[in-house]
Amino acid sequence: MSFEIISVIGLGYIGLPTAAMFASRKKSVIGVDVNQHTIDTINRGEIHIVEPELDIIVQAVVHEGYLRATTVPEVADAFLIAVPTPFKTCKQGEIPEPDLSYIEAASKAIAPVLKKGDLVVLESTSPVGATEKMAEWLAEIRNDLSFPQQVAEKADINIAHCPERVLPGHVVRELVENDRVIGGMTARCSERAVELYKMFVQGDCVITNARTAEMAKLTENSCRDVQIAFANELSIICDKLDVDVWELISLANRHPRINILQPGPGVGGHCIAVDPWFIVSKTPELARLIRGAREVNDNKPRWVLEKVKSSIAEFLQGNPNKTIKDVVIACYGLTFKPDIDDLRESPALAITKSILEYHSGRGLVVEPNINALPLGLSNNSLISLCDSNYAIEVADIIVMLVNHKEFSRIDKKNIQDKKIIDTIGLW
């Protein structure tokens, strides 16, 4: 059975590019989102996120009539759920539990419009068992239809998991070129999901089961998190021993079998900063290394904040005629990685907020990729998107948090008399 109408639930950093890819193949695509501003923006042929090349594709497919957005799900042949999967709020030291409420809400929203022969694919990064749980939610509402957990291959509705595996800033290219892991609840479910994705995916579609597909994405991000944690822990040790960690890593990486990553202010984004906890929450007694890495990376922003506090104290000791209210701090970068506008789980954002909550003097924020300061940073002492040279001129302490391309153009001569906290190795 071919797929003539495709519905994508959740039009964020993954859902919108995915919807645009299907629409670019001349398929009728219905995008669904709860945010009316997002809907209105897309229906004008515009985008509400920053992603290279995506704006051109969306403009074309909307104007050609292949993509439209709405707040209410409609009848389709395939439904892709690409909604957030954060973790629940918890106390410090507790293991965060995954929050599946967005997946549940999306499942309940599409259930009334399902028909025999439909395919439902969960793309959201999820803890092991989430796809099966989604199938249960659908079955509870639609007892007139059969599902894989009930009748296996004979099911009216096919269910699969296919995690996204793309890099922000390269999403359009990687959606097409990257391999996809397809985990159906039955062999038939997998086959139909492969048929769907092969409309635009040029990489291999590798078939497995739903649980292994879920675990594959968590494993990829947990591996990366462990590697970053090693670099971040090394940076803290080197600071204590008065060793240049950047030089150290470059020397160690000259060994043919060593490839240490670069340390930073922490780990952010909707994947690496979240997904390892999905493994830890399922098997807390076994995932000791994964949990340790997550704790190292979660604690790095606190360490950076302590470095800022020490710099303030040193500055005041060297300038006894000034008070803490006279000290100007400039924070460079808010996003979770360079050259994007994504603030999700950003350690740079968390550090900046903490600095400005602690510091009673003036604070400047330099972030070239957003148009307005996020909540928690809007007060009269802040300047958003200010000229970086101006910030350097007036700042006493400079905190480098994100390696945006604009910051590499800063003339080092202008910072020689400043206190620098460089978490990214720019200087």
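The structure this text deals with has already been given above.
Computed from a predicted model, the values in this text were never measured in an experiment. Counting restarts for each chain: residues are numbered from 1 in the order of the written sequence. Predicted model: local features are reported for residues with pLDDT of at least 70 only, side-chain atom pairs are reported and counted for 80 or more only, and whole-chain, interface and lining totals are derived from all residues. To get the side-chain values, all heavy atoms of the structure are used, and hydrogens and water are removed first.

(A) Just the packing of aromatic side chains, in detail. Only the six-membered ring of Trp is used, alongside the rings of Phe and Tyr, when aromatic pairs are assigned; centres must lie within 6.5 Å, and planes under 30 degrees apart are stacked while those over 60 apart are edge-to-face, with the rest tilted. Inspection of the entire model under this criterion finds 3 aromatic pairs. The interplanar angle of 85 degrees and the centroid separation of 4.8 Å between the aromatic rings of phenylalanine 22 and phenylalanine 200 together place this pair among those described as edge-to-face. Taken together, the residues phenylalanine 22 in helix H1 (residues 15-24) and phenylalanine 200 in the loop between helix H8 (187-197) and strand S8 (205-209) connect sequence positions 178 residues apart. Accessibility assignment for this pair places phenylalanine 22 and phenylalanine 200 in one class, buried. Note on tyrosine 332 and phenylalanine 407: the rings are 5.0 Å apart at their centroids and 75 degrees apart in plane angle, and the pair reads as edge-to-face. In this pair, tyrosine 332 is assigned in strand S9 (residues 329-332) and phenylalanine 407 in the loop between strand S11 (397-400) and strand S12 (419-422), connecting sequence segments 75 residues apart. These aromatic residues form a ring-pair network of at least three members: Phe22, Tyr197 and Phe200. Strands are runs of DSSP state E lasting at least two residues, helices are runs of H or I lasting at least four, and both sets are numbered from the N terminus onward. The cut-offs for exposure are 20% and 50% of the maximum accessible area for each residue type, with area from a 1.4 Å probe on protein chains only; residues under the lower value are buried, those over the upper are exposed, and the others partly exposed.

(B) Representation of helix H12 (residues 288-318) within the structure. One fewer than the residue count of a helix, multiplied by 1.5 Å, yields its expected span. Along its 31 residues, H12 runs 44 Å from first to last C-alpha, staying within 8% of the 45 Å computed at 1.5 Å per residue. Most pronounced at lysine 300, the bend in H12 amounts to some 30 degrees, and the proline proline 301 follows within four residues. Considered for burial, the residues of H12 that qualify are Ala293, Arg294, Val296, Asn297, Lys300, Pro301, Val304, Leu305, Val308, Ser311, Ile312 and Phe315. The contact definition used throughout considers only heavy atoms, calling two residues in contact when any of these lie within 4.5 Å. Along its buried surface, H12 packs onto helix H9 (210-241), helix H11 (275-282), S9, helix H13 (347-358), S11 and S12. Note on bend: the value at a residue is the angle between axes fitted to the seven residues ending there and to the seven starting there.

(C) Structural detail: the sheet that holds S9. Note: two strands are recorded as paired if DSSP finds a minimum of 2 bridges between them. Spatial strand order, S10-S9-S11-S12: 4 strands in an open sheet with parallel pairing. Where the open sheet ends on each side, the last strands, each with one partner, are strand S10 (363-366) and S12. Neighbour-to-neighbour, the strand axes of this sheet turn through a mean angle of 15 degrees, independent of strand direction. Taken together, the 4 bridges between S11 and S12 define a ladder with parallel strand orientation. Along S12, the bridge assignment pairs isoleucine 398 with isoleucine 420. To obtain an axis, a line is fitted to C-alpha atoms, over the contacting stretch when the element is a helix, and the angle between two such axes runs from 0 to 180 degrees between their N-to-C directions.

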